[in-house]
Amino acid sequence: MKHEPYNNHSSAASHNRSSAYLILYITAAVLLQIFLSACNKNKEHIAPAVLDKDSVSMMITYGTSTLISDSGIMKYRIVAEEWEVNTVRVPSRWIFNKGIFMEQFDSRFHIEAYVQADTAFYYDQNRLWELRGNVRVRTTDGLRFMSEELFWDQQKREFYSNMFSKVITPERTLQGTYFRSDEQMTKYRVTNSKGSFESEDFDKKDEDKNSATNDSTSVMQPKRPPTTPTKKSPTQNNS
């Protein structure tokens, strides 16, 4: 039998080269797949960084009705469609973007007033309420307040507004561009105002007149026409 060792050696070398190419191809394909997979994962998780200045809500409550106390005494009830608590903004605040309705109580838990607005903000560090849009206040004494802005400073225990406001009571109607009142709206004043009054309002004592001046339009006396001096008669000169 005739042997051909040269041909067998060539065939084995060719087979080894094919196996090496196959292994190299498989390795390259696996590495490419890993690289593409890593790239895809990085793209899926890429997002802009959240900075401290961004406003991130810590809590959002829907359809809330809750009682709020002050120094251990129940002061008012809040009813709102949406209540957002944001502690990232400076100053931190509560946000009521979809309106608010409040009932204010006295020390005996009796309702003193109703407050409502289209939008409200409460700055908890300053204990300041900011009410915006169709602000309405009604007390159990019959007073009605209407404006597009009202601030409630709970530290100073007062209401105030720097926009056009209207106050209606059983005795008078006042309108003005500045309003300030105590929390019970029993002592208030409106400046730059105009309104209608009962005649008996002008017959009060001096202290009542001072308060009336604060919440009413100043009454201007008409100027008298200048008069020419008249000559005195001789009899008048002699006397």
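Structural data are supplied above this passage.
A short tour of the structure in this document, coming up.

Reading guide: rules and limits
Residues numbered from 1 in each chain as written. Predicted model: local features only at pLDDT ≥ 70, side-chain atom pairs only at ≥ 80, totals over all residues. Heavy atoms only, no water. Helix = DSSP H or I, 4+ residues; strand = E, 2+ residues; numbered from the N terminus. Contact = heavy atoms within 4.5 Å. Buried < 20%, exposed > 50% of the residue type's maximum accessible area, 1.4 Å probe, protein only. Core = buried A, V, L, I, M, F, W, Y, C linked by side-chain atoms within 4.5 Å. Polar contact = N/O pair within 3.5 Å; in protein donor to acceptor, adjacent residues only side chain to side chain.

### Regarding the environment of Tyr-114
- Its place among the elements puts Tyr-114 in strand E5 (residues 111-117).
- Placed 24 residues apart in sequence, Tyr-114 and Arg-138 show a C-alpha to C-alpha distance of 5.2 Å.
- Not counting residues up to four positions away in its chain, the partners in contact with Tyr-114 are Phe-101, Met-102, Glu-103, Arg-136, Val-137 and Arg-138.

### Quick word on the side chain of Glu-82
- With respect to the helices and strands, Glu-82 occurs in strand E2 (residues 73-86).
- The buried category is assigned to Glu-82, whose relative accessible area is 11%.
- In this structure, Glu-82 is in contact with Ile-60, Thr-61, Tyr-62, Ile-95, Phe-96, Asn-97 and Lys-98, ignoring residues within four places of it in sequence.

### Things to note about the nonpolar core
- In terms of nonpolar packing, the biggest core is built from 29 residues, with Ile-78, Trp-129 and Leu-131 touching the most fellow members.
- Mapped by element, the contributors of at least two residues to this core are E2, strand E3 (93-96), strand E4 (100-105), E5, strand E6 (119-123), strand E7 (128-139), strand E8 (144-153) and strand E13 (188-191).
- Sort the elements by how many residues they give to this core and E2 lands first, with 5 residues.
- Apart from residues lying up to four places away in sequence, Leu-131 is in contact with Ile-100, Met-102, Val-115, Ala-117, Thr-119, Ala-120, Glu-148, Glu-149 and Leu-150.
- Listed in part, the 6 residues of the second largest apolar core include Ile-95, Phe-121, Leu-128 and Phe-151.

### Points about the side chain of Gln-154
- Its place among the elements puts Gln-154 in the loop between E8 and strand E9 (158-161).
- Given the relative accessible area of 6%, Gln-154 is considered buried.
- At 3.4 Å, the side chain of Gln-154 forms a polar contact with the side chain of Tyr-122.
- With near-sequence residues (within four places) excluded, Gln-154 lies in contact with Tyr-76, Tyr-122, Arg-127, Trp-129 and Glu-183.

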